[in-house]
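Summary of the model geometry
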Amino acid sequence: MTALRAALNRLRRRLWRLLFHRMLFGEASAGVLRPATRLSPTVCIEHEPTLTLADDVFIGHFCFIEASGGVRIGGGTQVTNFVSIVSHSTHRALRVAAGLSGAPLEAAVRRAPIVIGERCFIGPHSTIEAGSTLGHGTLVAAHSRVRGVFPDFAVLAGSPAQVVGDTRAADERWLAAHPELLAAYRRWRQGLAQ
């Protein structure tokens, strides 16, 4: 009986994964079809009309995106699993606006847009907070809490996240070993400069 139960559980898990945990291609964002953008069906999005996705964005399993202040994610960006992107903060409102509602409560809420540049990588279990801007090519290490404005090609790590490196250094080493990728990389970098 135990072997049968184990086999049925394995079958149930595989069926669930096949049906519900598959990446789905093709999203509409800002009224435009993004055919190469992939979102896990487990992504939770609040205020979807103010979320703007470029094409070729990947958002992995169990991510939470709250876009009431506006969230824009650039092309080629990968948001791994268990990431939170939250464009509002109520921690202050809980204390200073106790018992208030409507406009006085809303005035205590911090709501600010988040902009994530092209070809960024957001590591698992990270949080991107209201008002943050990540430059193109930024890498956010796992378990980071990001708040602020960061330049292109920054490597961010920590809680709070700080710049700990530059992705171009690793890119140069990789491209030296794979010169066939150099032309495409240069085209992308030149396109950013324009």
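Scroll up to find the structure.
Notes on the structure follow. (Residues numbered from 1 in each chain as written. Predicted model: local features only at pLDDT ≥ 70, side-chain atom pairs only at ≥ 80, totals over all residues. Heavy atoms only, no water.)

Quick word on the pairing of strand 19 (residues 154–158)
The pairing of strand 16 (residues 139–140) with strand 19 spans 2 bridges and is parallel. Residue pairing for strand 19: Val140 is matched across the bridge by Leu156. With 5 bridges joining them, strand 19 and strand 20 (residues 161–166) adopt antiparallel strand pairing. Directly across from Gly158, in strand 20, lies its bridge partner Ala161. The turn linking strand 19 back onto strand 20 is made up of 2 residues. (Pairing = 2+ DSSP bridges. Helix = DSSP H or I, 4+ residues; strand = E, 2+ residues; numbered from the N terminus.)

A word on the nonpolar core
Among the nonpolar cores identified, the biggest contains 26 residues, and Ile59, Ile73, Ile85 and Leu134 are the most heavily contacted of them. Those elements giving two or more residues to this core turn out to be strand 4 (51–53), strand 7 (71–73), strand 12 (114–116) and strand 19. If sequence neighbours within four positions are ignored, Ile85 has contacts with Phe64, Ile65, Glu66, Val71, Ile73, Val79, Ile114, Ile116 and Ile128. (Core = buried A, V, L, I, M, F, W, Y, C linked by side-chain atoms within 4.5 Å. Buried < 20%, exposed > 50% of the residue type's maximum accessible area, 1.4 Å probe, protein only. Contact = heavy atoms within 4.5 Å.)

These figures capture arrangement, not role.
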